[in-house]
Amino acid sequence: VVFQHNLTPNFFIFSARKQRSGHIVCMTSQGLILEIDPIKRAEVRRISVGTQGTWCGVELLPSGRYLVALMYPGELREIDAAGKVHWKVNFPGVFRATRLPNGNTLAVSMTTRIVAEVDRNGRRVWEKTCPGRPWEARPR
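To keep things clear, this report deals only with the structure shown in the data block. (Residues numbered from 1 in each chain as written. Predicted model: local features only at pLDDT ≥ 70, side-chain atom pairs only at ≥ 80, totals over all residues. Heavy atoms only, no water.)

**A word on the sheet that holds strand β10 (residues 105-109)**
The strand order across the open sheet formed by four strands is β9-β10-β11-β12, and the pairing between neighbours is antiparallel. The open sheet has two edge strands with one neighbour each: β9 (94-99) and β12 (124-129). With strand direction ignored, the average angle separating the axes of adjacent strands in the sheet is 15 degrees. Bridge count for strand β11 (residues 114-118) against β12 is five bridges, and the pairing is antiparallel. Bridging across to β12, Glu117 finds its partner in Trp126. (Pairing = 2+ DSSP bridges. Helix = DSSP H or I, 4+ residues; strand = E, 2+ residues; numbered from the N terminus. Axes fitted to C-alpha atoms, helices over the stretch in contact; angles between N-to-C directions.)

**Remarks on the nonpolar core**
Counting residues in each nonpolar core, the largest one holds 13 residues, and the members touching the most others are Leu76, Phe91 and Val94. Secondary structure elements with two or more residues in this core: β6 (66-70), β8 (85-90), β9 and β11. In contact with Phe91, not counting residues within four places along its chain, are Gly74, Glu75, Leu76, Ala107, Ser109, Ile114, Ala116, Val118 and Arg124. Counting twelve residues, the second-largest nonpolar core is a separate cluster that includes Met27, Cys56, Val58 and Leu70. (Core = buried A, V, L, I, M, F, W, Y, C linked by side-chain atoms within 4.5 Å. Buried < 20%, exposed > 50% of the residue type's maximum accessible area, 1.4 Å probe, protein only. Contact = heavy atoms within 4.5 Å.)

**Some thoughts on the sheet that holds β6**
Ordered by their spatial adjacency, four strands build an open sheet running β5-β6-β7-β8, and the pairing between neighbours is antiparallel. The strands lining the two open edges of the sheet, one partner per strand, are β5 (56-60) and β8. The average angle at which neighbouring strand axes cross in this sheet is 15 degrees, direction not considered. Bridging between strand β7 (residues 75-79) and β8 involves five bridges; their strand directions are antiparallel. The residue bridging Glu78 from the neighbouring strand is Trp87, located in β8.

**Quick look at the environment of Thr105**
Relative to the elements of secondary structure, Thr105 occurs in strand β10. By relative accessible area, Thr105 is classed as buried at 0%. Along the sequence, Thr105 and Arg120 sit 15 residues apart, while their C-alpha atoms lie 7.9 Å from each other. Not counting residues up to four positions away in its chain, the partners in contact with Thr105 are Leu67, Leu76, Trp87, Ala97, Thr98, Arg99, Leu100, Ala116, Glu117 and Val118. In terms of polar contacts, Thr105 uses its side chain to reach the side chain of Arg99, at 3.0 Å. (Polar contact = N/O pair within 3.5 Å; in protein donor to acceptor, adjacent residues only side chain to side chain.)

**Quick look at the pattern of salt bridges**
Here the structure, examined in full by the defined rule, presents twelve salt bridges. Here Arg17 ties to Glu136 by a salt bridge, and the two come within 2.1 Å at their closest N and O atoms. Separated by 119 residues along the polypeptide, Arg17 in strand β1 (residues 13-18) and Glu136 in the segment after β12 bring together distant segments of the chain. Residue Glu136 is classed as partly exposed on the basis of its relative accessible area, which comes to 38%. As a salt-bridge pair, Lys88 and Glu75 come within 3.9 Å of each other at their nearest N and O atoms. With Lys88 in strand β8 and Glu75 in strand β7, this residue pair connects regions lying 13 residues apart in the sequence. Here the salt bridges share partners, and the residues they tie into one network are Arg17, Glu59, Glu136 and Arg138. (Salt bridge = Lys/Arg side-chain N within 4 Å of Asp/Glu carboxyl O.)

Shown next as structure tokens:
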């Protein structure tokens, strides 16, 4: 084990990613974004997104904001460190997302089995229905 962050019982991490800075950004079933410094073994930031008990994902954007995917209520959000929503799009069943170099968002819905590219206005540029349940998608 290189790093382990223990949470209280019934506190589940649904997504986690190591950043270039070395910090780990994760999202919990309690609707919290945690940014952790593994060297100091300390939380750098804790942000509530106001939704609990749902499959979810988070990505730290180069701007310092967070791209959040929430299966229920079926939303993509871009939020800042204070939890303020700067962008929101409805996308049923979304639980993973990543920002593309062109500024659009690649979103994955496990429940509808759709992978789609969404522009800043919330319009789907393209979408693909998968034969199974997609877990994550990344650009090449």
